[in-house]
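Residue strings, one per chain:
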Amino acid sequence: IFLGAVAPPAIIGCLLGGGGGAVAVDVVGVLRSVMSLAIIPLLLGLSTSRIAPKFVENKIRPLCPIVGIIATLCLVTGAAAGSSKLLLSEPTTVGYAILVSTLLPIVGGLASLAIARPILRLKEHVTRTLVVETLSKSPTLAYVLALRHFGAGAAIVPAAAMVTLAVVGAAVASVWSMIPVPDREEVN
């Protein structure tokens, strides 16, 4: 969790603002955003699950798929609508940027698939979750961080990637839902 909170602001600071770069980067502001968007909700969910596992299992877990779908639809359509004028103004340039920004999470998903089982020895269901989350959540976080810290122009590429990767993530999750997870896994 610590690495997930610290890595994005550190990488953004190094790539964009390090050594007197042309882009001013508020690393502390980006860290706050990552904490409020990802780490705090994650810790709250884990804590709630630890404190009240039966409540979570019986009352919250059944709602998660529909809440996740609605939240994804709101994020994707909001990002696409908010960036539509900029997306349509430079179709060739934006097309290349969308291709690259879409390939990056796909490569990340494939890398997590290649590393999770054979190297990290994660269970199948954890590996599947890691891959789908890498595919579909990376551009969402990038969009919100770009919009908050760099303006609408910087947010158009992840906005477009969100649309593409929401479909890719849903397709991967759908295919995997048809392939049963082994009841007994030897890997821990």
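Use the structure listed above.
One structure accompanies this document, and this report is about it.

## Comments concerning the packing of helix H6 (residues 91–116) against helix H8 (residues 152–177)
When two helices pack together, their arrangement is captured by the angle between the axes and the distance separating the axes. Where H6 meets H8, the closest approach of the two axes is 8 Å, and the angle between their N-to-C directions is 40 degrees. Considering only the axes of H6 and H8, their crossing is right-handed. Contacts from Val-94, Ala-97, Ile-98, Ser-101, Thr-102, Pro-105, Ile-106 and Leu-113 of H6 reach H8 at Ile-156, Val-157, Ala-160, Ala-161, Thr-164, Leu-165 and Trp-176. Residue classes in the contact of H6 with H8 are distributed as twelve nonpolar, three polar and no charged.

## A word on a nonpolar patch on the surface
Taken together, Leu-63, Ile-66, Val-67, Ile-69, Ile-70 and Leu-73 make up a surface patch of nonpolar side chains, about 570 Å² in accessible area. Taking the relative accessible area as the measure of exposure, Ile-69 reaches 49% and is therefore partly exposed.

## A word on H8
Taking 1.5 Å per residue, 26 residues should reach 38 Å; H8 reaches 36 Å between its end C-alpha atoms and fits that length. Most pronounced at Thr-164, the bend in H8 amounts to some 25 degrees. Looking at H8, one finds that the buried residues are Ala-155, Ile-156, Pro-158, Ala-159, Ala-160, Ala-161, Met-162, Leu-165, Gly-169 and Trp-176. Taken together, the buried residues of H8 touch helix H4 (64–82), helix H5 (84–89), H6 and helix H7 (124–150).

## Digging into the side chain of Arg-128
Inspection of the secondary structure assignment puts Arg-128 in helix H7. Arg-128 sits in the buried class, given a relative accessible area of 11%. At 2.8 Å, the side chain of Arg-128 and the side chain of Glu-124 are in polar contact. For Arg-128, the contacting residues outside a window of four places in its chain are Trp-176, Ile-179, Pro-180 and Val-181.

## Looking at the side chain of Thr-140
Considering the arrangement of structural elements, one finds Thr-140 in helix H7. Relative accessible area serves as the criterion here: at 15%, Thr-140 is assigned to the buried category. Beyond its immediate stretch of four places on either side in the chain, Thr-140 contacts Leu-75 and Met-162.

Criteria and thresholds
Residues numbered from 1 in each chain as written. Predicted model: local features only at pLDDT ≥ 70, side-chain atom pairs only at ≥ 80, totals over all residues. Heavy atoms only, no water. Axes fitted to C-alpha atoms, helices over the stretch in contact; angles between N-to-C directions. Helix = DSSP H or I, 4+ residues; strand = E, 2+ residues; numbered from the N terminus. Left-handed = near helix turned anticlockwise from the far one by under 90°. Contact = heavy atoms within 4.5 Å. Nonpolar A, V, L, I, M, F, W, Y, C, P; charged D, E, K, R; others polar. Patch = residues over 30% accessible without salt bridge, like charges linked within 9 Å, V, L, I, M, F, W, Y side chains within 5 Å. Areas by Shrake-Rupley, 256 points an atom, 1.4 Å probe, with all protein chains shown as cover. Salt bridge = Lys/Arg side-chain N within 4 Å of Asp/Glu carboxyl O. Buried < 20%, exposed > 50% of the residue type's maximum accessible area, 1.4 Å probe, protein only. Expected span 1.5 Å × (residues − 1). Bend = angle between axes of the 7 residues up to and from the residue. Polar contact = N/O pair within 3.5 Å; in protein donor to acceptor, adjacent residues only side chain to side chain.

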